[in-house]
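Structural overview
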Amino acid sequence: MLRILCLMLIALLAGCTGRQLYDSAQATRQAECRLFTDPIQWQNCMDAANRSYDSYRMEMPRKEAP
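Criteria and thresholds
- Note that residues are indexed from 1 along each chain, following the sequence as it is written.
- Residues qualify for local features only when their pLDDT is at least 70, as the model is predicted, and side-chain atom pairs are given and counted only at 80 or more; totals for whole chains, interfaces and linings, by contrast, use all residues.
- Note that the side-chain values use all heavy atoms of the structure and ignore hydrogens as well as water.
- A fitted line through C-alpha atoms represents every axis, and for helices the fit uses only the stretch in contact; the resulting angles, taken between N-to-C directions, go from 0 to 180 degrees.
- The numbering of helices and of strands both runs from the N terminus, where a helix is a DSSP run of H or I of at least 4 residues and a strand a run of E of at least 2.
- When an angle is under 35 degrees it counts as roughly parallel; over 145 it counts as roughly antiparallel; between 65 and 115 it counts as roughly perpendicular; any other value is oblique.
- Here, residues are in contact when the closest pair of their heavy atoms is within 4.5 Å.
- Note on residue categories: nonpolar means Ala, Val, Leu, Ile, Met, Phe, Trp, Tyr, Cys or Pro, charged means Asp, Glu, Lys or Arg, and polar means any other residue, Gly included.
- Cysteine sulfur atoms that come within 2.5 Å of each other are treated as a disulfide pair.
- Note on exposure labels: buried denotes an accessible area under 20% of the residue type's maximum, exposed denotes more than 50%, and partly exposed covers the range between, all computed with a 1.4 Å probe on protein chains only.
- A pair of Phe, Tyr and Trp rings is counted when the ring centres sit within 6.5 Å of each other, with Trp represented by its six-membered ring. The angle between the planes then sorts it: under 30 degrees is stacked, over 60 is edge-to-face, the rest tilted.
- Either the NZ atom of lysine or the CZ atom of arginine qualifies as a charge over a ring when it sits within 6 Å of the ring centre and within 35 degrees of the ring normal.
- The term salt bridge refers to a pairing of a side-chain nitrogen on Lys or Arg with a carboxyl oxygen on Asp or Glu at a separation within 4 Å.

Let us look at the packing of helix 2 (residues 18–33) against helix 3 (residues 39–49). Following both chains from N to C, one finds helix 2 and helix 3 inclined at 180°, their axes separated by 9 Å at the closest point. The angle between the axes of helix 2 and helix 3 places the two elements in the roughly antiparallel class. Across the interface between the two elements, Gln26, Arg29, Gln30 and Cys33 from helix 2 touch Trp42, Cys45, Met46 and Ala49 from helix 3. When its residues are assigned to classes, the contact of helix 2 with helix 3 shows 5 nonpolar, 2 polar and 1 charged.

Rendered as structure tokens:
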């Protein structure tokens, strides 16, 4: 989790877009799934890690302007 936060900070400082940041963190999430030995937990983790950026954006709550 700390690695993801570090990647996000570096990406933000480098001026990456949200999509680029999401894509770079996706590989880290997939690598963390390899820690699961239970096939069901591994599959659930991989399903979440492989979710597309567009799907992620659609599920995010939208911020309303004040």
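What we call a disulfide is simply a covalent bond connecting the sulfur atoms of a pair of cysteines. Evaluated as defined, the whole model comprises 1 disulfide. Note that Cys33 is cross-linked by a disulfide to Cys45, the S-S spacing being 2.0 Å. One disulfide, between Cys33 and Cys45, carries an S-S torsion of -80° and so falls in the left-handed class. In this pair, Cys33 sits in helix 2 while Cys45 sits in helix 3, placing the two residues 12 residues apart along the sequence.

Attention shifts here to the environment of Cys6. Within the element layout of this structure, Cys6 appears in helix 1 (residues 2–14). The partly exposed category is assigned to Cys6, whose relative accessible area is 40%. C-alpha of Cys6 to C-alpha of Ala25: the two residues are 19 residues apart in sequence and 9.9 Å apart in space.

So, on to the packing of aromatic side chains. Following the criterion strictly, the structure yields 3 aromatic pairs and no others. With a centroid separation of 6.0 Å and an interplanar angle of 40°, the aromatic rings of Tyr53 and Tyr56 are classed as tilted. One end of the pair, Tyr53, and the other, Tyr56, are both in helix 4 (residues 53–59), 3 residues apart, so they sit about a helical turn from each other. What links up through ring pairs into an aromatic cluster is the set Tyr22, Tyr53 and Tyr56. Arg29 extends its terminal NZ or CZ atom over the ring of Tyr22, reaching a point 4.6 Å from the ring centre.

According to the stated counting rule, one finds 2 salt bridges in the structure shown. Across the pair Arg19 and Asp54 runs a salt bridge whose closest N-O atoms are separated by 2.7 Å. With Arg19 in helix 2 and Asp54 in helix 4, the pair connects residues that are 35 residues apart, well separated along the chain. When its relative accessible area of 45% is taken as the criterion, Asp54 is described as partly exposed. Across the pair Glu59 and Arg51 runs a salt bridge whose closest N-O atoms are separated by 2.5 Å. Assessed through its relative accessible area of 54%, Glu59 is described here as exposed.

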